[in-house]
Amino acid sequence: LPISRAPAANSEPATLAPKSLLLGLARAGQRIVAVGDRGHVLLSDDQGRTWQQVIVPSNAMLTSVSFGDATHGWAVGHDGVILATADAGRTWHRQAKDEGIDTVFLSAYFRDATHGWAVGAYGKFLTTTDGGATWIAQSPSSLESHYNSINAGPGDSLYLTGESGLLLASTDGGEKWQALDVPYDGSLFG
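Residues numbered from 1 in each chain as written. Predicted model: local features only at pLDDT ≥ 70, side-chain atom pairs only at ≥ 80, totals over all residues. Heavy atoms only, no water.

A. View of the overall build of the protein chain. Scanning the protein chain for helices and strands turns up zero helices and 16 strands. Since a compact globule built from 190 residues should have a radius of gyration of about 16 Å, the 16 Å found for the protein chain is in line with a globular shape. Each principal axis of the C-alpha distribution contributes one length, and for the protein chain these read about 50 × 45 × 30 Å. For the protein chain, the residues scored as buried account for 48% of the 190 residues in total. The contacts of the protein chain with a sequence gap of at least 6 include a subset with a gap of at least 24, amounting to 40%. Positive and negative side-chain charges of the protein chain, numbering 12 and 19 respectively, have mean locations separated by a distance of 9 Å. (Helix = DSSP H or I, 4+ residues; strand = E, 2+ residues; numbered from the N terminus. Rg over C-alpha atoms; globule rule 2.2 N^0.38 Å. Buried < 20%, exposed > 50% of the residue type's maximum accessible area, 1.4 Å probe, protein only. Contact = heavy atoms within 4.5 Å. Lys, Arg positive; Asp, Glu negative; His and termini not counted. Charge placed at Lys NZ, Arg CZ, Asp CG, Glu CD.)

Laid out in structure tokens, this is it:
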């Protein structure tokens, strides 16, 4: 019989959270926000010398965090989790509730407080133009490759990396994507 696993409602306080596996890091103004295993979200207001854990509405592994400005941020991860904050990481709420435990988001990027992308395994690619109130699935490539990271370049350019040497570029803020020739057929992570 298949085992159905519902994501836990909250992360749990952990004394050793600052020493746990952390996979994503971003600035929220002068604050540093780190995310990782077991839904750990850590904040540092002293350039990383000390860290304070905040409890979030998931204990799934968080893989990436991005801030569109000094207060509005998003964290993504396993179990289809997309979390959002409007207070520089002090409190978080869950978005994209229809994603399931099979969905793994590997990267997020927000250009500002309203325009963002969440990408992940098996060609998962979501975009929002309203700060995550709604997420729209798109397909920048016909391949169902794992999208490992999405990053900004100069102007409106975006870069999407993935497995099998996948490198896609957009020069118009994510409207159209073009495959770039890469002399490598392994996974690209950034």
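B. Structural detail: the sheet that holds strand S2 (residues 31-36). Here we have four strands laid out as an open sheet, ordered S1-S2-S3-S4, and antiparallel in their pairing. With one partner strand each, in any of the chains shown, strand S1 (22-28) and strand S4 (52-54) form the two edges of the open sheet. Along the sheet, successive strands turn relative to each other by an average axial angle of 30°, direction set aside. Pairing analysis gives six bridges linking S1 to S2, with the strands arranged antiparallel. Residue pairing in the sheet places Leu-22 in a bridge with Gly-36 of S2. (Pairing = 2+ DSSP bridges. Axes fitted to C-alpha atoms, helices over the stretch in contact; angles between N-to-C directions.)

C. Here's a closer look at the sheet that holds strand S16 (residues 178-179). Strands sit in the order S13-S14-S15-S16 across an open sheet of four strands; the sheet is antiparallel. Looking along the sheet, the strands with just one partner apiece sit at the ends: strand S13 (147-152) and S16. Here strand S14 (residues 158-162) runs beside strand S15 (residues 167-170); their pairing, made up of four bridges, is antiparallel. Paired with Tyr-159 across the bridge in S15 is Ala-169.

D. A look at the pairing of S2. With six of six residues buried, S2 lies mostly within the body of the structure. Alternating residues of S2 divide into Arg-31, Val-33 and Val-35 and Ile-32, Ala-34 and Gly-36, and every residue in both groups is buried. Here S1 hands over to S2 after two residues, with Gly-29 in that stretch at a positive phi of 70°. As paired strands, S2 and strand S3 (residues 41-44) are joined by four bridges and run antiparallel to one another.

E. How the structure looks around the nonpolar core. Membership of the largest hydrophobic core comes to 17 residues, with the highest contact counts inside it found for Val-33, Val-41, Val-65 and Trp-92. The set of elements that each furnish at least two residues to this core consists of S1, S2, S3 and strand S5 (62-67). At three residues, S5 tops the list of elements feeding residues into this core. Residue contacts for Val-41: discarding those within four places in its chain leaves Val-33, Ala-34, Val-35, Gln-52, Gln-53, Val-54, Val-56, Leu-62 and Trp-92. (Core = buried A, V, L, I, M, F, W, Y, C linked by side-chain atoms within 4.5 Å.)

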